Amino acid sequence: MCGILGIVLSDQRKNVAPELLEGAMFLQHRGQDAAGIVTCGSRGRFYQCKGNGMARDVFTQTRMSSLMGNMGLTHLRYPTAGSSAGSEAQPFYVNSPYGITLSHNGNLVNSIELRRLLDEVVHRHINTDSDSELLINIFAAELDKFNKSRVNNHDVFAALTATMTTIRGAYACVAMLAGYGIIGFRDPNGIRPLLFGERVNKDGSKDYMLASESVVLKAHGFTTFRDVKPGEAVIIPKDCSGVHKPEFMQVVEPKIFAPDIFEYVYFARPDSVLDGVSVYRSRIEMGIKLANKISKIKDLDIDVVISVPDTARTSAFQTAVSLNIPYREGFVKNRYVGRTFIMPDQAERRSSVRRKLNAMESEFAGRNVLLVDDSIVRGTTSKEIVAMAREAGAKKVYFASCAPPIRFNHIYGIDLADTKALVGFQRDEDEIARVIGADKVIYQDLEDLIDCCKSDTLKEFEVGVFTGDYITGVEDNYLQELEKIRAQNQRLKDRRDRGFSIDTCIDASDMVDIKAEVDISIYNRGDYE
Ligand SMILES: O=P(O)(O)OC[C@H]1O[C@H](OP(=O)(O)OP(=O)(O)O)[C@H](O)[C@@H]1O
Ligand SMILES: NC(=O)CC[C@H](N)C(=O)O
Ligand SMILES: [Mg+2]
């Protein structure tokens, strides 16, 4: 679950970089591992700034001031398939044909086949384990087939049709062709979100934006917006001030429309509206349904409902209201610690929970508390939280989750380690309660969760993380391959943590695939500072 953004300003004398940076701040919650911006200036020249870290660390003032041009892309990365190496930070770039950059949110599930195709048939070099690097190269190869010095919209749409027929999985993408324009496209199931919007300037000209969440569009004055449809693509020309307008095309047949339900549970900001459904309203509904289930359970004697900040707040408050039990903010969140779940390292995640949340004894001492969280994934947060509640004097600690038990990999954009790392893996609810130390665990039912997110036009969701049934299917050996890459990354990390330098990491018995800290491009990386 990464954040992606693309903007074209109608005034070609203006630089878009400041707005791309501001937009990044609105999408930071979708990825904290790496951030990147690429702009396109005169003579089709790309300007890039990317690296590991939060947007505010990567996008320093000096770096930003050298990003020229009226159109550009942003990416906030939360790694899925590859590793968190700097070389996998996005947007990705290929120089041929035409110069292409691409920001991808999602995950491809036929990457073994794509890698082979690019190697054996297309002869393009792939330098990382990132599925997004495969995606940009497949698109580049399709564009190349036209063998023209300049392509037109018709060619670009045709290349997208071919690309989207070849790749499988979840993808919402923004791409940029040097000197040409920005392209947005969304997978045929609409698993990952993407919105398109326009802003009317004082002189009547229009600027355009593509973004992962509606909150970015609204905040920047792109008040007329809509979701890109599953299987649809849009091209926004570099010069959109005059006769040239964005052009939409249904490039592949849509399949079952099934956005990832986890956007509503956890990923997205509550003030976003995705595919016509308000994330905030869906979380309120989750609170109502959860309360309904809890009220039917006998022998629960709850004195107070306490939320696990931050995401669960909306639902927890509503759970308390519906149960008619007092709601208290028993945990105070340190605003300087980011989201712990999307941190790449388990040890870091564990210690961050205590740095992030602090329990107030006055709200716990002598009480039976119902803690409400949006989801229980690895159990890292819940285990610490339950322990903290007890240390603060709680008598009984019940733990409720707005999502059902997570028992399977999330393959479309969350790095859920392997299934064995999930606390719900092969455990029933009593066992899970024992592992996290709670007196009882209560999970939302899947049908109820789906009801909370449904609308007249949106009936189905990608829910494979709860059922193991994935909407796109998965190629043979894909999950094993993923686990191999993850294990490899972990071994490399362990060696680094033990103080080995990169060149002493390799030994013949245990080959570790070293990840480059900086990207490979045809330009040498200059000193950014
Ligand atoms: O079972 P776990 O592996 O601990 O993961 C689940 C927790 O992680 C997330 O919180 P996070 O701190 O990432 O973000 P938030 O502040 O938005 O709730 C989520 O909201 C749960 O609280
Ligand atoms: N979370 C995402 O959307 C990640 C995008 C891409 N698969 C990567 O690993 O970089
Ligand atoms: Mg949380």
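Keep in mind it's a predicted model, so treat the numbers as computed, not measured. (Residues numbered from 1 in each chain as written. Chains lettered and ligands numbered in written order. Predicted model: local features only at pLDDT ≥ 70, side-chain atom pairs only at ≥ 80, totals over all residues. Heavy atoms only, no water.)

(A) Quick look at the nonpolar core. Counting 68 residues, the largest nonpolar core has Phe59, Phe262, Tyr264, Ile294, Leu370 and Phe466 as its most contacted members. Once residues lying within four places of it in the same chain are set aside, the contact partners of Leu370 are Ile294, Ile302, Val304, Val305, Ile306, Thr319, Leu323, Tyr398, Ala400 and Ile442. Of all hydrophobic cores here, the second largest spans 32 residues; its members include Val94, Ala159, Leu160 and Ala175. (Core = buried A, V, L, I, M, F, W, Y, C linked by side-chain atoms within 4.5 Å. Buried < 20%, exposed > 50% of the residue type's maximum accessible area, 1.4 Å probe, protein only. Contact = heavy atoms within 4.5 Å.)

(B) Here's a closer look at the site of ligand 1. Taken together, 17 residues form the shell around ligand 1, and within it Thr311, Thr340, Lys356, Asp374 and Thr381 come nearest. Residue Arg339 places a side-chain N or O atom 2.9 Å away from an oxygen atom belonging to ligand 1. Contacts to ligand 1 include Thr380, whose backbone N or O atom sits 3.4 Å from an oxygen atom. In the complex, the protein chains occlude 96% of the 500 Å² of accessible area that ligand 1 would expose alone. (Near = heavy atom within 4 Å. Polar contact = N/O pair within 3.5 Å; in protein donor to acceptor, adjacent residues only side chain to side chain. Areas by Shrake-Rupley, 256 points an atom, 1.4 Å probe, with all protein chains shown as cover.)

(C) Main features of the site of ligand 2. Inspection of the region around ligand 2 gives 15 residues, with Met1, Cys2, Arg77, Thr80 and Asp131 positioned closest. A distance of 2.8 Å separates an oxygen atom of ligand 2 from a polar side-chain atom of Asn105. Gly106 is positioned with one of its backbone polar atoms (N or O) 2.7 Å from an oxygen atom of ligand 2. Here ligand 2, which alone exposes 290 Å², has 100% of that area covered by the protein.

(D) Representation of the pairing of strand 3 (residues 46–52) in the model. Across seven bridges, strand 2 (residues 34–40) lies against strand 3 in antiparallel orientation. Bridging from a neighbouring strand, Ala35 pairs with Gly51 of strand 3. Hairpin connection between strand 2 and strand 3: a loop of five residues separates the two successive antiparallel strands, and Arg43 in this loop has a positive phi of roughly 55°. (Pairing = 2+ DSSP bridges. Helix = DSSP H or I, 4+ residues; strand = E, 2+ residues; numbered from the N terminus.)

(E) Region of interest: the sheet that holds strand 8 (residues 181–186). Judged by pairing direction, the sheet is antiparallel, and its six strands sit side by side in the order 5-6-7-8-12-13 without closing on themselves. This sheet does not close on itself; its edge strands, each paired only once, are strand 5 (92–94) and strand 13 (247–250). Neighbour-to-neighbour, the strand axes of this sheet turn through a mean angle of 20°, independent of strand direction. Of the pairings in the sheet, the one linking strand 8 to strand 12 (residues 232–237) comprises five bridges and is antiparallel in character. Of the residues in strand 12, the one forming a bridge with Phe185 is Ala233. (Axes fitted to C-alpha atoms, helices over the stretch in contact; angles between N-to-C directions.)

(F) Seen up close, the confidence of the model for the chain. Per-residue confidence for the chain gives a mean pLDDT of 91; residues scoring 70 or more make up 93%. Reported confidences for the modelled complex are a pTM of 0.94 and an ipTM of 0.97. (pLDDT = per-residue confidence, 0-100.)

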